[in-house]
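Close look at the chain arrangement
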Amino acid sequence: SQTIHQWPATLVQPVGSPLSLECTVEGTSNPNLYWYRQAAGRGLQLLFYSVGIGQISSEVPQNLSASRPQDRQFILSSKKLLLSDSGFYLCAWSVPRKFRFSYEQYFGPGTRLTVT
Amino acid sequence: GNSVTQMEGPVTLSEEAFLTINCTYTATGYPSLFWYVQYPGEGLQLLLKATKADDKGSNKGFEATYRKETTSFHLEKGSVQVSDSAVYFCALASGGAQKLVFGQGTRLTINP
């Protein structure tokens, strides 16, 4: 069966510090991968998605970036955090288009980021 | 473009009450529809789905029917429990889209 991991689970960082959040998926090959942010009490905002190694699509211009160095690894980064970057960050995966007959995404446990 | 609209929350009910959370959508073609649930401090879990008109998705006592004529996918449960307290998201995927479109979420609180 497939599992998705995110770490760290919680993180407190000062303004201006760098950020690296990691997401890995087990039990599947060539998944689509997604990063979402959820601000307190609000809905989901899609930040990035990837359909393959080195292929990143950005949904919202901001000071975050994403990379996919390996097939099942997805990293969210920032060089300098802002207060507004605080939130709950969720990684998700879905079956690649060529194999799919449905479009659901499966989410990781999330990382709670507080920028102080 | 594609969009999903959910009923405004928060929704507060007593245990064993009947639940309806409304969801309507706008989409081209024939979208797949989903309900996700998010318990406090956790990621989203797929609750149920429907991939074509008149399909009924069901899981854990929850049901939703894909109504193309009214472009709706309302979530229902006959008797809610305290453990159902969570945020519920309606979502759709259309055509060959790589992305899901989510509603804004509805917070549900069940009191004993």
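An account of the accompanying structure is given in this report. (Residues numbered from 1 in each chain as written. Chains lettered and ligands numbered in written order. Predicted model: local features only at pLDDT ≥ 70, side-chain atom pairs only at ≥ 80, totals over all residues. Heavy atoms only, no water.)

Some thoughts on the sheet that holds strand S9 (residues 75-77) of chain B
Residues and elements named next belong to chain B.
- Reading across from one edge, S3-S9-S8-S7 is the order of the 4 strands in this open sheet, with antiparallel pairing throughout. Because the sheet does not close on itself, it has two edges, and the strands there are strand S3 (19-21) and strand S7 (56-59). Averaged over neighbouring strand pairs, the angle between their axes works out to 20 degrees when direction is ignored.
- Looking at chain direction, S3 and S9 are connected through 3 bridges and run antiparallel. Its bridge partner lying in S9, Ile-21 is registered against Leu-75. (Pairing = 2+ DSSP bridges. Helix = DSSP H or I, 4+ residues; strand = E, 2+ residues; numbered from the N terminus. Axes fitted to C-alpha atoms, helices over the stretch in contact; angles between N-to-C directions.)

So, the state of the cysteines
- A full pass over the atoms with the stated rule returns 2 disulfides over all chains.
- Here Cys23(A) connects covalently by a disulfide to Cys91(A), the sulfurs 2.0 Å from one another. Residues Cys23(A) and Cys91(A) share a disulfide whose torsion about the S-S bond is about -75 degrees; that sign makes it left-handed. Residue Cys23(A) is located in strand S3 (residues 19-26), and its partner Cys91(A) is located in strand S9 (residues 87-94); the two are separated by 68 residues in the primary sequence.
- Its relative accessible area of 0% is what places Cys91(A) among the buried residues.
- A sulfur-sulfur distance of 2.0 Å marks the disulfide that ties Cys23(B) to Cys90(B). (Disulfide = S-S within 2.5 Å. Buried < 20%, exposed > 50% of the residue type's maximum accessible area, 1.4 Å probe, protein only.)

Observations concerning the interface of chain B and chain A
- Of the residues lining the interface, 21 residues belong to chain B; the matching set on chain A comes to 22 residues.
- The contact between chain B and chain A buries some 1,700 Å² in all, and 53% of this surface belongs to carbon and sulfur atoms.
- In terms of surface lost to chain A, no three residues of chain B exceed Leu44(B), Gln98(B) and Lys99(B), which account for 33% of the buried area on that side.
- Summed over the shared surface of chain B and chain A, the result is 2 salt bridges.
- In this structure, the salt-bridge partner of Glu104(A) is Lys49(B), at a minimum N-O distance of 2.7 Å.
- In this structure, the connection of chain B to chain A is made through 4 residue pairs in polar contact (both at pLDDT 80 or more).
- Those elements that provide at least two residues to the side of chain B that touches chain A are strand S5 (32-38), strand S6 (44-50) and strand S10 (86-93) of chain B.
- When residues in the side of chain B that touches chain A are grouped by element, the largest group, 4 residues, is from S5(B).
- When its residues are assigned to classes, the side of chain B that touches chain A shows 9 nonpolar, 9 polar and 3 charged. (Contact = heavy atoms within 4.5 Å. Buried area = accessible area lost by both parts, 1.4 Å probe. Salt bridge = Lys/Arg side-chain N within 4 Å of Asp/Glu carboxyl O. Polar contact = N/O pair within 3.5 Å; in protein donor to acceptor, adjacent residues only side chain to side chain. Nonpolar A, V, L, I, M, F, W, Y, C, P; charged D, E, K, R; others polar.)

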